[in-house]
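Survey of secondary and tertiary structure
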Amino acid sequence: MKKNLKVGFVGLTHLGLTYLAASSEKGFKVIGIDFNQNKINQLKKFDIEYKEPDLQKTIFQNKRNILFSSNLKNLMDCNIVFISQDISTNDKGKGDFKSLKKLINSTFKFLNKKSVLVILSQVQPGFTRLINFDHTRLYYQVETLIFGNALERALTPERIIIGCESSESKINRLLLNYLDNYKCPIIRMKYESAELTKISINLLLASSITTTNMLAQACEKVSADWYEIIPALQLDQRIGRKAYIRPGLGISGGNVERDIGSIEKILKKDRRPLSIIKVFQRNSAYMKSWVYRILEKEKILSQKNKYSIGILGLAYKENTNSVKNSPTLNLLKKLKNNKITIYDPAAKLKKKIKNCNQINNINFLLKISNVIIVMTPWNEFKKVSEILEKHKKKNIILIDPYRIININIVKNKYIKYFTIGKK
């Protein structure tokens, strides 16, 4: 059955390319559609804009199973078609659903009478039911990808969540045959429940992030060390080893912010449950300003000629080149009068920023900077302590919110060290 199934993906953003790559790896013939012809041309050359581990390699290795095109007519032979366009969001987390609706309306005109249509894009509750398509062949699948670990999660999901017309609806045989290849539990529910499941996952993650950052701040007040507490929490089965309990610079990346905005819209007339959403937003904004508050406290910004600031990390998290709502971009907006040098192994500044220079050499950045800020916890930055010791630099201010630098460097009397969760 696998050899006979053809699977289409409409919208080749990070979401679509990741699931396309996973499907091709599973042995399916796949068709990737995007209206941006320049993107299609780049993909045919295996030039992937997203720096996702193994994504380019997997697509190249399975090139015989993949067709990239901007022509929707290629979908006519597909048994299953996924709408896989990532939803773009503004600074307030509001999603652009108008372009998604146009994409869907354009797509189902080219599907055959037996084709299954699956909405993989991140939508609000009620969206799928309003689609003018045969609901016995229309489904919503909850995606749970993580930037930097997306392909692995697409290939080996913990579970697959499918929204159907009703709670009693059975999953179409073609779609079920496809999903069975992922060898994990399949959870079936009605459209609205599945759509809200996606939001629920991100809201619970947001609560973990917010609570962690609050407790890390409490550590600083009482001279405790949050990183001594983490192992105890991870061994609690109710919290777990993979819990989001590492403090950081607020909520970034766009997806969680989008779903906070979605639930805010749903609860807008009910003040009491809405209050926790406001807490998430305020705490995230407060933590994003953590580095700036350190710079102000140390009077670094008022002595711009004395300090040269080097920033390590532009991406909103490690193992990706996405800068959506990046804490670094948030910080740069406030550092208009200081000379800044930036290094990131994957992400690039899309627009020139005054007094800001991005370079490709971490050694040079460390050599010229006397204020060093780690804004993204890339593994590569763990070697910073070795480089600093090699340079034997004096009077360094090292701001390391994620505590990725070797803690022994704090013992160096010439380095003033700041981190979250420890005084």
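Scroll up for the structure.
A brief report on the enclosed structure follows.

The rules behind each value
- Residues numbered from 1 in each chain as written.
- Predicted model: local features only at pLDDT ≥ 70, side-chain atom pairs only at ≥ 80, totals over all residues.
- Heavy atoms only, no water.
- Helix = DSSP H or I, 4+ residues; strand = E, 2+ residues; numbered from the N terminus.
- Pairing = 2+ DSSP bridges.
- Axes fitted to C-alpha atoms, helices over the stretch in contact; angles between N-to-C directions.
- Parallel < 35°, antiparallel > 145°, perpendicular 65-115°, else oblique.
- Left-handed = near helix turned anticlockwise from the far one by under 90°.
- Contact = heavy atoms within 4.5 Å.
- Nonpolar A, V, L, I, M, F, W, Y, C, P; charged D, E, K, R; others polar.

**Comments concerning the environment of Ile266**
- Structurally, the position occupied by Ile266 is in helix H9 (residues 255–266).
- Considering only alpha carbons, one finds Ile266 and Gln124, 142 residues apart in sequence, at a separation of 9.3 Å.

**Section: the sheet that holds strand S9 (residues 309–312)**
- One open sheet accounts for six strands, arranged S11-S10-S9-S12-S13-S14; its pairing is parallel. Every interior strand has two partners, whereas the edge strands, strand S11 (356–358) and strand S14 (415–418), have only one. Along the sheet, successive strands turn relative to each other by an average axial angle of 20°, direction set aside.
- Note: strand S10 (residues 340–343) against S11, three bridges, orientation parallel. Paired with Ile342 across the two strands is Gln358, which belongs to S11.

**A few points about the packing of helix H7 (residues 191–222) against H9**
- Running from N to C, H7 and H9 point in directions that differ by 110°, and their axes come no closer than 9 Å. Our classification of the angle between H7 and H9 gives roughly perpendicular. The two elements H7 and H9 meet at a crossing, and its hand is left-handed. Two secondary-structure elements touch here, H7 through Leu196, Lys198, Ile199, Asn202, Leu203 and Ala206 and H9 through Asn255, Val256, Arg258, Asp259, Ile260, Ser262, Ile263 and Ile266.
- For the contact of H7 with H9, the class distribution of residues is eight nonpolar, three polar and three charged.

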